[in-house]
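Residue-level structural notes
The chain contents come next:
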Amino acid sequence: QVQLVESGGGLVQAGGSLRLSCAASGRIMFSSYGMGWFRQAPGKEREFVGCIINSGGSTHYGDSVKGRFTISRDNAENTVYLQMNSLAPEDTAVYYCAATGLYGLRMKENEYRYWGQGTQVTVSS
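Notes on the structure in this doc start here. It should be emphasised that the depicted structure is a prediction, and the values quoted were computed from it without experimental measurement. Throughout this description, residue numbers start from 1 for each chain and increase along the sequence as written. Since the coordinates come from a predicted model, pLDDT governs what is reported: local features require at least 70, and pairs of side-chain atoms require 80 or more to be given and counted, while whole-chain, interface and lining totals use all residues. Hydrogens are left out, water is left out, and the side-chain values use all remaining heavy atoms of the structure.

Right, let's talk about the state of the cysteines for a bit. Note on disulfides: each one is a pair of cysteine sulfur atoms within 2.5 Å. The final tally for this structure, using the stated rule, is 1 disulfide. The partner cysteine of Cys 22 in its disulfide is Cys 97, sulfur to sulfur 1.9 Å. The sign of the S-S torsion, about 50°, decides the handedness of the disulfide formed by Cys 22 and Cys 97: right-handed. Here Cys 97 lies in strand β9 (residues 93–100) and Cys 22 lies in strand β3 (residues 18–26), a separation of 75 residues in the sequence. Using a relative accessible area of 0% as the deciding quantity, one classes Cys 22 as buried. Considering cysteine sulfurs only, Cys 97 is the nearest to Cys 51, which forms no disulfide, with 13 Å between them. Remark: exposure states derive from per-residue accessible area (1.4 Å probe, protein chains only) relative to the maximum for the residue type, with buried under 20%, exposed over 50%, and partly exposed in between. For Cys 51, a relative accessible area of 1% puts it in the buried group. Only DSSP runs of H or I with at least four residues qualify as helices, and only runs of E with at least two residues qualify as strands; both kinds are numbered from the N terminus onward.

Throughout, nonpolar core names a set of buried Ala, Val, Leu, Ile, Met, Phe, Trp, Tyr and Cys residues whose side chains join them through atoms within 4.5 Å. One finds Trp 37, Leu 82, Met 84 and Tyr 95 to be the most contacted residues of the largest nonpolar core, which totals 30 residues. When near neighbours in sequence (up to four residues on either side) are disregarded, Leu 82 contacts Leu 18, Arg 19, Leu 20, Trp 37, Val 49, Phe 69, Thr 70, Ile 71 and Tyr 95. In terms of nonpolar packing, the next biggest core, distinct from the first, is built from 5 residues, Phe 38, Cys 51, Ala 98 and Tyr 112 among them. In what follows, a contact means two residues having at least one pair of non-hydrogen atoms within 4.5 Å.

So, on to the side chain of Arg 73. With respect to the secondary-structure elements, Arg 73 resides in strand β7 (residues 69–74). There is no salt bridge for the buried Arg 73, and the closest opposite charge comes from Asp 74, which lies 8.2 Å off by N-O distance. Two N or O atoms count as a polar contact when they lie within 3.5 Å, although within protein this holds only if one can serve as hydrogen donor and the other as acceptor, and sequence-adjacent residues are included solely when both atoms are side-chain atoms. Of note is the side chain of Arg 73, whose polar atom sits 2.8 Å from the backbone oxygen of Tyr 33. Polar contacts involving the side chain of Arg 73 include one to the main-chain carbonyl oxygen of Asn 54, which spans 3.3 Å. Charged residues are defined here as Lys and Arg on the positive side and Asp and Glu on the negative side; His and the ends of the chain fall outside this count. Every case where a carboxyl oxygen of Asp or Glu lies within 4 Å of a side-chain nitrogen of Lys or Arg is listed as a salt bridge.

This part covers the pattern of salt bridges. Where charged atoms from two side chains of opposite charge come close, those side chains can pair. Inspection of every chain in the model, using the stated rule, returns 6 salt bridges. The partner of Asp 63 in a salt bridge is Lys 66, with the nearest N and O atoms 3.2 Å apart. Overall, the relative accessible area of 47% leaves Lys 66 in the partly exposed class. What you see here is one network of salt bridges that share partners, running through Arg 39, Glu 47, Arg 68 and Asp 91.

Here we take up the packing of aromatic side chains. Geometry of aromatic contacts follows a simple scheme: Phe, Tyr and Trp rings, the Trp one being its six-membered ring, pair when their centres are within 6.5 Å, and the pair is stacked under 30 degrees between planes, edge-to-face over 60, tilted otherwise. A complete count under the given rule lists 5 aromatic pairs for this structure. Consider the rings of Phe 38 and Trp 115, whose centres lie 5.0 Å apart with planes at 50°: the pair is tilted. Taken together, the residues span a long stretch of sequence, with Phe 38 in strand β4 (residues 34–40) and Trp 115 in strand β10 (residues 114–115) at a distance of 77 residues. We classify Phe 38 as buried; its relative accessible area is 1%. Ring centres of Tyr 112 and Trp 115 lie 6.2 Å apart, and the angle between their planes is 65°; on these two criteria the pair is classed as edge-to-face. Judged by relative accessible area, which is 6%, Tyr 112 ranks as buried. Here the aromatic cluster, defined as three or more aromatic residues joined through ring pairs, consists of Phe 38, Phe 48, Tyr 112 and Trp 115. In this scheme, the term charge over a ring applies when either NZ of a lysine or CZ of an arginine sits within 6 Å of the ring centre and within 35 degrees of the ring normal. Residue placement shows Arg 46 over the ring face of Tyr 96; its charged tip is 4.8 Å from the ring centre.

Structure below.
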């Protein structure tokens, strides 16, 4: 059994920052998995935010967050992070982390095997 647990969500004013964490536990060799972040706003489809390869050496971001969000990981702590800066109301969503056993940068939901339960981020104007 593999568990991914997100934390760090909350309410922030526009222009502010938040750092999300996603801790992995269970039967997973974390350093072998690529990790991704997705988000889903009310009434919208889930959207790709960004991803990081298993070693942490490469990342890729969705156009809507590029230059504002940064993904990093600590394989010793089995944790991946999403640093979100210059937040705007349109960033309001439930944020999910996910793990994939596929090599390389993965941007599609169906490429991810394990998912967290999500954490709410609300940005007020």
